[in-house]
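Single-letter residue listing:
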Amino acid sequence: MTDWLARCRSARDDVESALAALPTRCEREPIVGSGEGGDATTAIDEAAERAILDRFRLDGVRVVSEEVGVAGAGGTTVVVDPIDGSLNAKRGIPFFAISIAIADGPTMDDVHTAYVYDFGTREEWTALKGDGARLDGELLTELPKDELEILSFEATTTAFVAENAARFVGVAHRLRVMGSLAITLCHLAAGRLDAVCSLKGCRSVDIAAAQLLVSEVGLVADLPEASPLAAAPLDLERRSRIVAAATREQYERLVSALDTEA
């Protein structure tokens, strides 16, 4: 039986080595191609993905990854984002992560193992379906506040923030924009934030791991334009923004505040 968490930790070490080999912005940010997900592939994206794919290219395993797309076939699906928060990584901002989800089927509901590692804080976030969510091995027990004190926007540009921020006046008190959707959802699961809204459509590589942590602590995450989240395919299509909060009532308030025509 595969020890998936051990394999994830080995992949983390591989990516850390790739980061060390490209320490400066000038080395990390040159564009070297275009990924299957549609975004430009930079040198650090390519190096990080190359460093970990061999860890998961196994018989009977289908890999979904940011740059190479979908490779292999089988009953197990591994969804990998080698660097979630790659702009932060390129600019030397210590808030970016490796995100890995293991599933025994083709949809988000099939994810049974989640691994997110923050290279800045060196925090390890893990979840096993039905067994809770953990930070550095300790079970997460502190929930978000009943009031929406801190809301985090992700997948942002200045235009997206300008178009949407005013809609949340009276809904949430404070706003954060940190630059890694995976880590931000983990912070919600730990009660550090009270809600998360992505301002553009996200893909499974962005959320497959972290959504399991959110679910395992009993919080609500869904795709307002492609509900339910559980049925979302593990592929590279960008279907919907994600909204997450402590309760369904808070989720609905946040969705109502979003510009659904954006």
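Here the structure is a predicted model, which means the values were calculated and not measured.

**Q** Pulling in residues and values, what's your account of the overall build of the protein chain?
**A** Helix and strand content of the protein chain: 8 helices and 15 strands. Over its C-alpha trace the protein chain gives a radius of gyration of 17 Å, about what one expects of a compact globule, namely 18 Å for 262 residues. Dimensions along the principal axes, computed over C-alpha positions, put the protein chain at roughly 50 × 40 × 35 Å. In the protein chain, which comprises 262 residues, the proportion classed as buried is 54%. Taking contacts inside the protein chain between residues at least 6 apart in sequence as the whole, the part at least 24 apart equals 61%. With an accessible surface of roughly 11200 Å², the protein chain has 48% of that area assigned to carbon and sulfur atoms. Once the 26 positive and 43 negative side-chain charges of the protein chain are each reduced to a mean point, those two points are 3 Å apart.

**Q** Kindly report on helix H6 (residues 181-189), identifying the contributing residues and their values.
**A** Turn by turn, an α-helix covers 3.6 residues, leaving residues three or four places apart pointing in a common direction. Most of H6 sits out of view: 9 of its 9 residues are buried. Within H6 the residues assigned to the buried category are Leu181, Ala182, Ile183, Thr184, Leu185, Cys186, His187, Leu188 and Ala189. A positive phi of about 80 degrees marks glycine 191, the residue just after H6.

**Q** Please give an account of the packing of aromatic side chains that cites residues and values.
**A** Under the criterion given, the structure shown has 4 aromatic pairs. Arranged with centres 5.3 Å apart and planes meeting at 70 degrees, the rings of phenylalanine 153 and phenylalanine 168 form a pair that is edge-to-face. A residue pair is termed long-range when its members are at least 10 positions apart, and phenylalanine 153 in strand S11 (residues 150-154) and phenylalanine 168 in the loop between helix H5 (158-164) and strand S12 (174-177) qualify at 15 residues. Assigned by exposure class, phenylalanine 153 and phenylalanine 168 land together as buried. Ring-pair connections join several aromatic residues into one group, and the members of that group are Phe96, Tyr117 and Phe119. The side chain of arginine 12 reaches across the aromatic face of tyrosine 117, ending 5.1 Å from its centre. It is arginine 248 that lies over the ring of tyrosine 251; its NZ or CZ is 4.7 Å from the centre.

**Q** Give a detailed account of the layout of surface pockets, specifying residues and quantitative values.
**A** Roughly 870 Å³ of volume is contained in the largest pocket. Along the walls of the largest pocket sit 40 residues, with Gly85, Ser86, Leu87, Gly179 and Lys200 positioned nearest its centre. Contributions of two or more residues to the lining of the largest pocket are made by strand S2 (40-42), helix H3 (43-56), strand S5 (76-84), helix H4 (86-91), S11 and H5. In terms of residue class, the lining of the largest pocket is made up of 15 nonpolar, 12 polar and 13 charged. Here the second largest pocket defines a volume of roughly 230 Å³.

**Q** Give me the nonpolar core: which residues, what numbers.
**A** Burial of nonpolar side chains together is a common tendency in soluble globular proteins. One finds Trp125, Leu140, Leu185, Ile207, Leu213 and Ile242 to be the most contacted residues of the largest nonpolar core, which totals 46 residues. In terms of residues, this core owes the most to one element, helix H7 (residues 204-216), which gives 8 residues. Ignoring anything within four residues of it in the chain, the contact list for leucine 140 reads Trp125, Ala133, Arg134, Leu135, Ala189, Ala190, Leu213 and Val217. Among the nonpolar cores identified, the runner-up in size contains 27 residues, and Ile44, Leu53, Ala89 and Ile100 belong to it.

**Q** So what about the pairing of S5? Which residues, and what values?
**A** Most of S5 sits inside the fold, with 8 of its 9 residues counted as buried. By the bridge criterion, 5 bridges tie strand S3 (residues 61-65) to S5 in an arrangement that is parallel. From the neighbouring strand, valine 64 faces S5, where its bridge partner is valine 79. As judged from the 6 bridges shared by S5 and strand S6 (residues 97-103), these two strands associate in the antiparallel manner. Looking across to S6, one finds that aspartate 84 is bridged to alanine 97.

**Q** Outline the pairing of S3, supporting the account with residue identities and numerical values.
**A** Taking burial as the measure, the 5 residues of S3 include 5 buried ones, the bulk of the element. In S3, alternate side chains face the same way, and those of Val61, Val63 and Ser65 on one face and Arg62 and Val64 on the other are all buried. Of the pairings in the sheet, the one linking S3 to strand S4 (residues 69-71) comprises 3 bridges and is antiparallel in character. Across the sheet, the residue bridging to valine 64 is valine 70, located in S4. Counted along the chain from S3 to the antiparallel partner S4, the turn is 3 residues long.

Rules of the game
- Residues numbered from 1 in each chain as written.
- Predicted model: local features only at pLDDT ≥ 70, side-chain atom pairs only at ≥ 80, totals over all residues.
- Heavy atoms only, no water.
- Helix = DSSP H or I, 4+ residues; strand = E, 2+ residues; numbered from the N terminus.
- Rg over C-alpha atoms; globule rule 2.2 N^0.38 Å.
- Buried < 20%, exposed > 50% of the residue type's maximum accessible area, 1.4 Å probe, protein only.
- Contact = heavy atoms within 4.5 Å.
- Areas by Shrake-Rupley, 256 points an atom, 1.4 Å probe, with all protein chains shown as cover.
- Lys, Arg positive; Asp, Glu negative; His and termini not counted.
- Charge placed at Lys NZ, Arg CZ, Asp CG, Glu CD.
- Phe/Tyr/Trp six-rings, centres within 6.5 Å; stacked < 30°, edge-to-face > 60°.
- Lys NZ or Arg CZ within 6 Å of the ring centre and 35° of its normal.
- 1 Å grid on protein atoms, 1.4 Å probe; cavity = no way out; pocket = protein on both sides within 12 Å on 5 of 7 lines; lining within 4 Å.
- Points joined across faces, edges and corners; volume = space filled by probe spheres on them.
- Nonpolar A, V, L, I, M, F, W, Y, C, P; charged D, E, K, R; others polar.
- Core = buried A, V, L, I, M, F, W, Y, C linked by side-chain atoms within 4.5 Å.
- Pairing = 2+ DSSP bridges.

Don't take any of this as a statement about function, it's just geometry.
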